[in-house]
Amino acid sequence: EYTDITVVCGTSAIDLAIQICPAIYTGYNASLLILNRIRDNTDCQGTLDTSVAPPVVRFSFPIRVGNACGSNFLTTSAPGTGIFSDFSNIQTVNVSGVVRSFDPTIGTITYNAELKYYYSCAYPLEYLINNTQVDSSSSIALKDNNGSFISTLSMALYQDQNYTTPLVMPPLGVELRTDIYVQVVASNLTSYFVLLDRCYASVSPQPSNSTSFNLFVCSIDQLTTMLENGDSQQARFHFPAFRFIEQQNETISTYYLHCITRLCERSTCSTFKQCNRKRRSV
């Protein structure tokens, strides 16, 4: 049955749980369920868990190309939708494989049915990092869903170009034209680089219904300095602090940073740096 296998698409590993009773009924045990035909690697072998009902065989392996227990990695592209509708090429990586039964029968025929348990996890490679506030200590709202790398991404603000001193906002905010150093980092994703497609500021934490200002959209705004983008697991830029005119009667101009972030394979990041957008303006 399809319910005989449970798949959890985590941010750093994929976890499989296969009910053992149907396999035993068919003539197999836990050691005869083989992940992607790999039998000589103990890290890829299943472990019997009888503490749950019904009992299951558990497999857990990392999501790293070349070290995912024989899993297949397939990257596909499609036009963006929703908040990514301005981008013509949004990528998704699919990680898939199969757990098969191994029949130890010696001879010409067998009465044991072959069992196959397929798994598949799709991970989008474009994310919106939201709600880093500029007038108080920086924080980030993270939403981690199955099949998402969003929790591996983080944004932080710094006050120096070496990115060693976190920016601590004074009670009355920072002086205008003070350089704000921004860093977006992906942790535990050695197969992908971080590429910022667009970063902008908005008056409201929810940018869809408030005034916003683009720090850069593919091409760099003249006041924004890009230090690193699409070359490693981190992206860095800085911009001078400013005020929103609609907040001119307020003591402090409070706004929030948002970055549309692409995770790209090392071999393809250079192509996405060439402004693959449907239109220039947002």
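Calculation criteria
Residues numbered from 1 in each chain as written. Predicted model: local features only at pLDDT ≥ 70, side-chain atom pairs only at ≥ 80, totals over all residues. Heavy atoms only, no water. Helix = DSSP H or I, 4+ residues; strand = E, 2+ residues; numbered from the N terminus. Buried < 20%, exposed > 50% of the residue type's maximum accessible area, 1.4 Å probe, protein only. Contact = heavy atoms within 4.5 Å. Areas by Shrake-Rupley, 256 points an atom, 1.4 Å probe, with all protein chains shown as cover. Phe/Tyr/Trp six-rings, centres within 6.5 Å; stacked < 30°, edge-to-face > 60°. Lys NZ or Arg CZ within 6 Å of the ring centre and 35° of its normal. Pairing = 2+ DSSP bridges. Axes fitted to C-alpha atoms, helices over the stretch in contact; angles between N-to-C directions. Disulfide = S-S within 2.5 Å.

- As annotated in an unreviewed UniProt entry, the protein is Zona pellucida-like domain-containing protein 1 from Seriola dumerili.

**Regarding the overall build of the protein**
So, step 1. Check the secondary structure of the protein and you find two helices and 17 strands.
So, step 2. Across the 282 residues of the protein, 45% fall into the buried class.
So, step 3. Taking contacts inside the protein between residues at least 6 apart in sequence as the whole, the part at least 24 apart equals 65%.
So, step 4. Surface exposure of the protein reaches about 14800 Å², of which carbon and sulfur atoms provide 50%.

**Considerations on the packing of aromatic side chains**
So, step 1. For the structure shown, the criterion picks out ten aromatic pairs.
So, step 2. With a centroid separation of 5.3 Å and 65° between ring planes, the pair formed by phenylalanine 213 and phenylalanine 242 is classed as edge-to-face. With phenylalanine 213 in strand E13 (residues 212-217) and phenylalanine 242 in the loop between strand E16 (234-240) and strand E17 (256-265), this pair connects stretches of sequence that are 29 residues apart.
So, step 3. Note on phenylalanine 213: relative accessible area 34%, which makes it partly exposed.
So, step 4. Ring geometry for phenylalanine 242 against tyrosine 255: centres 4.6 Å apart, planes inclined by 5°, an arrangement best described as stacked. Of this pair, phenylalanine 242 sits in the loop between E16 and E17 while tyrosine 255 sits in the loop between E16 and E17; the two residues are 13 residues apart in sequence, bridging distant segments of the chain. The pair formed by phenylalanine 242 and tyrosine 255 is uniform in burial state, with each residue classed as buried.
So, step 5. Taken together, the ring pairs in this structure connect Phe213, Phe216, Phe237, Phe239, Phe242, Phe244 and Tyr255 into an aromatic cluster.
So, step 6. Over the ring of tyrosine 200 we find arginine 198, and its NZ or CZ is 3.8 Å from the ring centre.

**Concerning the sheet that holds strand E5 (residues 56-62)**
So, step 1. Spatially, E1-E2-E5-E4 is the arrangement adopted by the four strands of the open sheet, whose pairing is antiparallel. At either end of the open sheet lies a strand with only one pairing partner, and these are strand E1 (5-9) and strand E4 (47-49). Across the sheet, the axes of successive neighbouring strands diverge by a mean angle of 25°, strand direction being ignored.
So, step 2. Summarising the sheet, strand E2 (residues 13-19) and E5 pair through seven bridges and their orientation is antiparallel. Residue alanine 17 lies in a different strand from E5, and its bridge partner there is arginine 58.

**As for the state of the cysteines**
So, step 1. Scanning the entire structure with this criterion turns up four disulfides.
So, step 2. The partner cysteine of cysteine 9 in its disulfide is cysteine 121, sulfur to sulfur 2.0 Å. Looking along the S-S bond of the cysteine 9-cysteine 121 disulfide, the torsion reads about -80°, which is the left-handed sense. Of the two residues, cysteine 9 sits in strand E1 while cysteine 121 sits in strand E8 (residues 116-124), which places them 112 residues apart along the sequence.

**Concerning the sheet that holds strand E11 (residues 179-186)**
So, step 1. Sheet architecture is open: four strands sit in the order E10-E11-E16-E15, paired in antiparallel fashion. Each end of this open sheet is capped by a strand with a single partner; those strands are strand E10 (153-158) and strand E15 (225-228). The mean inter-strand angle of the sheet, taken between neighbouring strand axes irrespective of direction, is 20°.
So, step 2. The sheet contact formed by E11 and E16 spans seven bridges and is antiparallel.

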